[in-house]
Structures are given as C-alpha cells and as structure tokens.
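As a plain string of letters, each chain reads:
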Amino acid sequence: MIKNAVAALLATFAFAALPTAAHARLQCVTYARQISDVQISGNARDWWSNAAGTYDRGQQPKAGAVLAFSGTRAMPYGHVAVVRKVVDDRHILIDHANWSGPGMVEKGVMAVDVSAAGDWSEVRVWFAPTKSVGLRASPAHGFIYPHSTTVASAASETKQG
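Please read these numbers as outputs of a predicted model, since none were measured by experiment.

1. Some details on the packing of aromatic side chains
Consideration 1: The tally for this structure, following the rule as stated, stands at two aromatic pairs.
Consideration 2: Plain terms: the ring middles of F69 and W99 are 5.7 Å apart, the flat faces sit at 40 degrees to each other, and that makes the pair tilted. Placement of F69 in strand β2 (residues 66–69) and of W99 in the loop between β4 (91–97) and β5 (105–113) is noted, with a sequence separation of 30 residues between them. As far as burial versus exposure is concerned, F69 and W99 are alike and both buried.
Consideration 3: Here the aromatic rings of W120 and F143 are separated by 5.6 Å at their centres, their planes lie at 75 degrees, and the arrangement is edge-to-face. Placement of the pair is W120 in the loop between β5 and β6 (122–125) and F143 in strand β7 (residues 138–144), with a sequence separation of 23 residues. In this structure, W120 and F143 share a single accessibility class: buried.

2. Here's the deal with the pattern of salt bridges
Consideration 1: If you walk through the whole model with that rule in mind, you get three salt bridges.
Consideration 2: When the shortest N-O distance is used, the salt bridge between R45 and D46 registers 3.8 Å.
Consideration 3: Using a relative accessible area of 34% as the deciding quantity, one classes R45 as partly exposed.
Consideration 4: Of the charged contacts in the structure, one is a salt bridge between D113 and R90, with a shortest N-O distance of 3.6 Å. With a gap of 23 residues between them, D113 in strand β5 and R90 in the loop between β3 (79–88) and β4 connect regions that are remote in the sequence.
Consideration 5: Taking the relative accessible area as the measure of exposure, D113 reaches 3% and is therefore buried.
Consideration 6: A relative accessible area of 29% means that R90 is categorised as partly exposed.

3. A closer look at the pairing of β6
Consideration 1: With burial as the criterion, only one face of β6 is covered, namely that bearing V123 and V125; the residues E122 and R124 on the opposite face remain uncovered.
Consideration 2: In terms of strand pairing, β6 meets β7 through two bridges, oriented antiparallel. Bridging from a neighbouring strand, E122 pairs with P139 of β7.

4. Looking at helix α3 (residues 28–35)
Consideration 1: For α3, the complete set of buried residues consists of C28, V29, Y31 and A32. The arc enclosing the buried residues of α3, seen along the axis, measures out at 165 degrees, which places them on a common side.
Consideration 2: Buried residues along α3 sit against α4 (47–51), β3, β4 and β5.

5. A word on unusual backbone geometry
Consideration 1: At N98, a residue that is not glycine, the phi angle is positive and equals roughly 70 degrees.
Consideration 2: Relative to the elements of secondary structure, N98 occurs in the loop between β4 and β5.
Consideration 3: A relative accessible area of 25% means that N98 is categorised as partly exposed.
Consideration 4: One non-glycine residue, W120, adopts positive backbone phi at about 65 degrees.
Consideration 5: Taking the relative accessible area as the measure of exposure, W120 reaches 1% and is therefore buried.

Analysis parameters
- Counting starts from 1 at the beginning of each chain's written sequence and moves along it residue by residue.
- Local features in a predicted model are, by the rule used here, given only for residues with pLDDT of at least 70; side-chain atom pairs are given and counted only at 80 or more, and totals for whole chains, interfaces and linings are based on all residues.
- Side-chain metrics rest on all non-hydrogen atoms present in the structure, leaving aside hydrogens and water.
- Paired rings are identified among Phe, Tyr and Trp, the last through its six-membered ring, by centres lying within 6.5 Å, and are further divided according to the angle between planes into stacked (under 30 degrees), edge-to-face (over 60) and tilted (the rest).
- Comment: elements are numbered from the N terminus, with helices defined as DSSP H or I runs of at least four residues and strands as E runs of at least two.
- For the exposure calls, accessible area comes from a 1.4 Å probe over protein chains only, and a residue counts as buried if that area is under 20% of its type's maximum, exposed if over 50%, partly exposed in between.
- What counts as a salt bridge is simple: a side-chain nitrogen of Lys or Arg found within 4 Å of a carboxyl oxygen of Asp or Glu.
- Note: two strands are recorded as paired if DSSP finds a minimum of 2 bridges between them.
- What the arc describes is the spread of directions from the helix axis to the C-beta atoms.
- We call two residues in contact when some of their heavy atoms are within 4.5 Å.

What follows is the structure, given as structure tokens:
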C-alpha cells in the first residue's frame, strides 16, 4: 500500500513539473495554423475580421481555405477548420481539432452547407459521438483563402467540380 501511495505521489509531482503547454489540449486555432497557410492570431471567432486586409475572404469553399465559424452561446470562442476537399457546392471535407471531443483531431470529416442561400452561413459538421453531421447548424462567416488562393480560382474550381 505504501508502495502505491509513493508511486501516486511521484506521478503527481511529475505531472505538476511538466510545462503548462504539455497539459493543454490541442485547440482548433493552433491546429488550423499548423496545417494551413493562413496564419492569423486570436480566438477563432475573431479570425474573419482579423483576416480583413490580409487575406481574401469569400463564400466559396476551396481546398486549403479556412472555414471561420462565428462565436455562439454553444461555442463562445468560435471555431476554425481547414478545407481538405470540395465534394460539391454544399459538401466539403475538413480537417480540424477540438470539435467532437476535447483536443481531438479529425481529418477528412464532412461539413454540409445547410443555409437557405447556399452561402455557407450555416453549417452542420460531422460529430463523432452521434456518428452524424450534428444536430445543430452552426453559423459561419465564410472562407479565408491562403495567399496562394484567390476568390476567382475558388469559384472556378467549384464550377468545374
């Protein structure tokens, strides 16, 4: 019993000695910056406005673009995800972190435009615990394009399919 108590105490001290970063879970912003060419700081809810004047923004999905979600009561810090592939006008595959579970990274999961206007202002995203594209639509601003992508090429790629 003493052996177990000593082992537990040592494990606690070892955990406490780790840098804060080792305790942190991977957040969507950190992950999006790591895997995309869009380098913006701030909370995800601020990426859309922070991109103004630095990156092109628009409503057309494009591989490599960042989909910027608004902050809501359910997700006060917003969310960002990187477009992996455009499937069609209303379906994309995304890579992102911290959606289905704390710190969880998901690659190539479905996101669906459920907006009435077809402008990606409301999006349902694959949610692993329900094995579906989620029960609620999340508001989104649109897409932030890396410098190598333009709005014109995004529209052209979507039409070519």
